[in-house]
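Tertiary structure, described
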2 protein chains.
Amino acid sequence: MLTISRLAAHAGVTVRAVRHYHQIGLLPEPERGPSGYRIYDAAAVVRLIRIRTLADAGVPLARVQELLDAGPDEFARGVEEVDRHLRAEIRRLQENRRRIAGLAAGEHLALPQSVVGYLERVRALGVDERYVELERDTWIVLAAQWPQQIDEVIAHKHSELDDPDMVRLYRLLGQALDWDVDDPRVVEIADIMERQMRRALEAGEVDADDGLDDPFVDLLDEAAAEAAPMAERLREILQERGWKGWTRIERVAEP
Amino acid sequence: MLTISRLAAHAGVTVRAVRHYHQIGLLPEPERGPSGYRIYDAAAVVRLIRIRTLADAGVPLARVQELLDAGPDEFARGVEEVDRHLRAEIRRLQENRRRIAGLAAGEHLALPQSVVGYLERVRALGVDERYVELERDTWIVLAAQWPQQIDEVIAHKHSELDDPDMVRLYRLLGQALDWDVDDPRVVEIADIMERQMRRALEAGEVDADDGLDDPFVDLLDEAAAEAAPMAERLREILQERGWKGWTRIERVAEP
DNA sequence: CTTGACCTTGACGCAGCGTCAACCCCGACA
DNA sequence: TGTCGGGGTTGACGCTGCGTCAAGGTCAAG
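This structure is a prediction, so every number in the text was calculated from the model and none was measured.

Concerning the protein's contact with DNA strand D
Around DNA strand D, the structure places 19 residues, and the nearest of them are S5, R19 and R38 of chain A together with R16 and Y37 of chain B. Taking the atoms of DNA strand D that fall within 4 Å of the protein, sugar and phosphate contribute 68% of them. For DNA strand D, a phosphate oxygen lies 2.9 Å from a polar atom in the side chain of R32 of chain A. The separation between a phosphate oxygen of DNA strand D and a polar side-chain atom of Y21 of chain B is 3.0 Å.

In structure tokens:
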């Protein structure tokens, strides 16, 4: 005869768990002794061990119930399903581990390796850290939007950085965070941007059907603009010259 | 400007989850429009994606809070810990998969491969299926008790089966389930058992310090005895000859 | 002006137990 | 024989991370 705590110990579970299994009918209530104590036999140990084996594998207790009370064929099918579930779960965790791996390197979360590498290159150019952080946040959102295409997009951004004109642009943007609203140097930024936008447009690199909806693009532009006082002035200049957009380039009018 | 459902969609979570994060202070409550609607900006999307990245990795929300609001060093340490946790979880699931693998082969749950193989051999000898199930249940309990040593124990049981005397014993035990209480053939079983017990004792195979407590051994014996009417008679005969025990052999008196 | 799709707060529900609380019981020791 | 420590009993609330009504107010389109 076993008391509840000895039963639990033999099966490697807690007393509370055993009582819970009684409550939900997973383990039948045993006879009681004259004192009201539950009195178990060896069969209860066996059943309890089976329950734990399935439960440890992540099977919900309700399903455990079904499986243990089912015939051998239904049971076999259930076990196969459990194994599929385990495999899927393992894959999910491994995927998460890969994603987590990038941030241990220092970048602040939720970015694929490729983007982290790109940001590091930008930082190495001497671009202001605050600007790098702005870019980073935009990339976090974009990476969530296009989990597939992000590596390709980043590869293209990398190639853009081979152009010294683009490097100069980044450096200027970094400095521009501290400029006054009417700093005249904003014109140089506008010049470079116009060159680059024109080049991109001619190279057919501008893709209007990028999976982003317009209001969302506006929101990203707006967020970027909030960071620097001169942004509004830059927008005006570019608009006068027939350009619109930041996150996504758009040609709105011929000059 | 984003409404809650568009925010949720951009980050790949449910509206309910976003509200939950507000409730627990994980995501700050944004401004409200004149209608009382929440109005989000791009920063909220970024924060929300970060939250999900950590939460998907199994980090409890309270810990997510701490990590996101911590400095980069504390953050790095936290991420490393998360990775350790992920690795441990993956190992646990893989271990469960191995355990589950055995039962897919048909045996009814909670047994290591070695035991499944042993039971199959016994079954192949033509031993009654009901008796095999009795053995199986005992092994489930024993395997839970000695997860390490079980393979060794089973290897020894395998070698015992090389003895035709032992094979005969198993077959008789299978048949004996249907015998009457006073069937005279029980004597043959007792004879074989005595021979085997004596042999085991002389070979030094009997280990009193096996990690099982006495009441538990008695319980297992009792459970086995309940299955067949002749069991009690068998016990008496063996006791007269100075033997005790079934699950564990004990010499109680010289003849 | 009506739809139908959104938004709001508030509340209860779920698994799988952990953790009191308040009480009873059993065996050992003085 | 009392008592003491370590069992047992039921009952109830707590925890995480939301899902899911309910009972309304709002927004944009037709």
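Okay, back to it.
Some details on the environment of D221 of chain B
Residue and element names in this part refer to chain B. Along the chain, D221 turns up in helix α11 (residues 214-226). Judged by its relative accessible area of 17%, D221 is buried. The spacing of D221 and T247 is 26 residues in sequence and 6.0 Å in space, taken between C-alpha atoms. If we skip the residues at most four places from it in the chain, D221 touches G245, W246 and T247. A polar contact of 3.4 Å, which involves the side chain of D221, links it to the backbone nitrogen of W246.

Brief notes about the protein's contact with DNA strand C
The environment of DNA strand C is formed by 19 residues, the closest being R16 of chain A together with T3, S5, R19 and R38 of chain B. Within the backbone of I4 of chain B, one N or O atom sits 3.5 Å away from a phosphate oxygen of DNA strand C. A distance of 2.6 Å separates a phosphate oxygen of DNA strand C from a polar atom in the side chain of R19 of chain B. Those elements that place two or more of their residues in the surface near DNA strand C are α2 (15-23) of chain A together with α1 (4-11) and α2 (15-23) of chain B. Broken down by element, the surface near DNA strand C gets its largest block of residues, four residues, from α2 of chain A. Partitioned by chemical class, the residues of the surface near DNA strand C number seven nonpolar, six polar and six charged.

Focus on the packing of helix α7 (residues 129-145) of chain B against helix α9 (residues 164-176) of chain B
Residues and elements named next belong to chain B. For the pair α7 and α9, the least separation of the axes is 8 Å and the interaxial angle reads 105 degrees. Accordingly, the angle class assigned to the pair α7 and α9 is roughly perpendicular. The residues of α9 that touch α7, namely those facing R130, Y131 and E135, are Y170, L173 and G174. Across the contact of α7 with α9, the residue classes tally to three nonpolar, one polar and two charged.

Quick word on the nonpolar core
One finds V18, W139 and I189 of chain A together with V18, W139 and I189 of chain B to be the most contacted residues of the largest nonpolar core, which totals 154 residues. Contacts of V18 of chain A, omitting those with residues within four sequence positions, involve I4, L7, A8, V13, L27, Y40 and L48 of chain A.

Quick look at the relation of the copies chain B and chain A
Each of the two chain copies goes to the other by way of a rotation about an axis and a shift along it. The transformation that overlays chain B on chain A combines an axial shift of 0.0 Å with a rotation of 180 degrees, and the residual RMSD is 0.2 Å. This pairing of chains is accounted for by a two-fold axis. When C-alpha distances to the rotation axis are compared across chain B, the minimum falls at I90 of chain B, with a value of 3.0 Å. Looking at the interface residues of chain B, 100% of them are also at the interface in chain A, so both copies use one shared face.

A closer look at the environment of H20 of chain B
Residue and element names in this part refer to chain B. Of note, H20 is situated in helix α2. In this structure H20 comes out as partly exposed when scored by relative accessible area, which is 31%. H20 sits 96 residues away from V116 along the chain, and the two C-alpha atoms are 48 Å apart.

Overview of the confidence of the model for chain A
One rule of thumb: low pLDDT means the predicted coordinates there are not for detailed reading. In the predicted model, chain A carries a mean pLDDT of 87, and 94% of its residues have values of at least 70. For chain A, the element scoring lowest by mean pLDDT is strand β2 (residues 250-251) of chain A, at 76; α2 of chain A scores highest, at 97.

Quick notes on the interface of chain B and chain A
Each side of the interface is counted separately: chain B has 48 residues, and chain A has 48 residues. Summed over both sides, the interface of chain B with chain A buries roughly 4,500 Å², with 70% coming from carbon and sulfur. Applying the counting rule to chain B against chain A returns four salt bridges. Here R97 of chain A and D83 of chain B are joined by a salt bridge, their closest N and O atoms 2.7 Å apart. At the surface where chain B touches chain A, the tally comes to ten residue pairs in polar contact (both at pLDDT 80 or more). Of all elements in the fold, only α1, α3 (42-56), α5 (72-104), α7 and α11 of chain B reach the threshold of two or more residues within the side of chain B that touches chain A. Residue classes in the side of chain B that touches chain A are distributed as 29 nonpolar, six polar and 13 charged.

So, the pattern of salt bridges
Residue and element names in this part refer to chain A. All chains considered together, the criterion is met by 56 salt bridges over all chains. E95 is paired through a salt bridge with R98; the nearest N and O atoms lie 2.7 Å apart. With a gap of three residues between them, E95 and R98 both fall in helix α5 (residues 72-104), about one helical turn apart. For E95, a relative accessible area of 33% puts it in the partly exposed group. Taking relative accessible area as the criterion, R98 reaches 57% and is therefore assigned exposed.

Side note on the UniProt feature "domain: HTH merR-type" (unreviewed entry) in chain A
Per the UniProt entry, the sites bearing "domain: HTH merR-type" (unreviewed entry) are residues 1-70 of chain A in this numbering. Split by type, residues 1-70 of chain A is 57% helix and 0% strand. Its first and last C-alpha atoms lie 28 Å apart.

Here we look at helix α1 (residues 4-11) of chain A
Of the positions making up α1 of chain A, those classed as buried are I4, L7, A8, H10 and A11 of chain A. The buried side chains of α1 of chain A occupy one side of the element, clustering within an arc of 165 degrees when seen end-on. The inward-facing, buried residues of α1 of chain A abut α2 and α3 (42-56) of chain A together with α7 and α11 of chain B. Positive phi shows up at G12 of chain A, right after α1 of chain A, with a value of about 75 degrees.

Definitions and limits used
- Sequence order as written defines residue numbering, which begins from 1 separately in each chain.
- For this description, chains carry letters from A and ligands carry numbers from 1, given in the order in which they are written.
- For a predicted model such as this one, the threshold for reporting local features is a pLDDT of at least 70, and the threshold for listing and counting side-chain atom pairs is 80 or more; totals across whole chains, interfaces and linings nevertheless cover every residue.
- No hydrogens and no water enter the side-chain calculation; it runs on all heavy atoms of the structure.
- Near residues are defined by distance, with any heavy atom within 4 Å of the molecule or strand qualifying the residue.
- Pairs of N or O atoms within 3.5 Å make up the polar contacts considered here, provided that, within protein, one atom can donate a hydrogen while the other can accept it, and that residues adjacent in sequence are counted only when both atoms are side-chain atoms.
- Put simply, DSSP H or I for four residues or longer makes a helix, DSSP E for two residues or longer makes a strand, and each gets a number counted from the N terminus.
- Throughout this description, buried means an accessible area under 20% of the type-specific maximum (1.4 Å probe, protein chains only), exposed means over 50%, and partly exposed covers the range between.
- We call two residues in contact when some of their heavy atoms are within 4.5 Å.
- Charged residues are taken to be Asp, Glu, Lys and Arg, nonpolar residues to be Ala, Val, Leu, Ile, Met, Phe, Trp, Tyr, Cys and Pro, and polar residues to be all remaining types, Gly included.
- All axes are obtained by fitting lines to C-alpha atoms, using only the stretch in contact for helices, and the reported angles, taken between N-to-C directions, cover 0 to 180 degrees.
- Any angle from 65 to 115 degrees is called roughly perpendicular, while one under 35 is roughly parallel, one over 145 is roughly antiparallel, and all others are oblique.
- Think of a nonpolar core as a cluster: buried Ala, Val, Leu, Ile, Met, Phe, Trp, Tyr and Cys residues, connected wherever their side-chain atoms sit within 4.5 Å.
- Superposing copies: least-squares fit, C-alpha atoms only, residues required to have pLDDT of at least 70 in both.
- Every residue is assigned a pLDDT by the predictor, reflecting its confidence on a scale from 0 to 100.
- The term buried area means the drop in 1.4 Å probe accessible area that two parts suffer when joined, counted for both and summed.
- Each salt bridge in this description consists of a side-chain nitrogen of Lys or Arg and a carboxyl oxygen of Asp or Glu lying within 4 Å of one another.
- UniProt positions are given in the numbering used here, feature names are shortened, and annotations may be inferred rather than shown by experiment.
- Directions pointing from the helix axis toward each C-beta atom define the arc.

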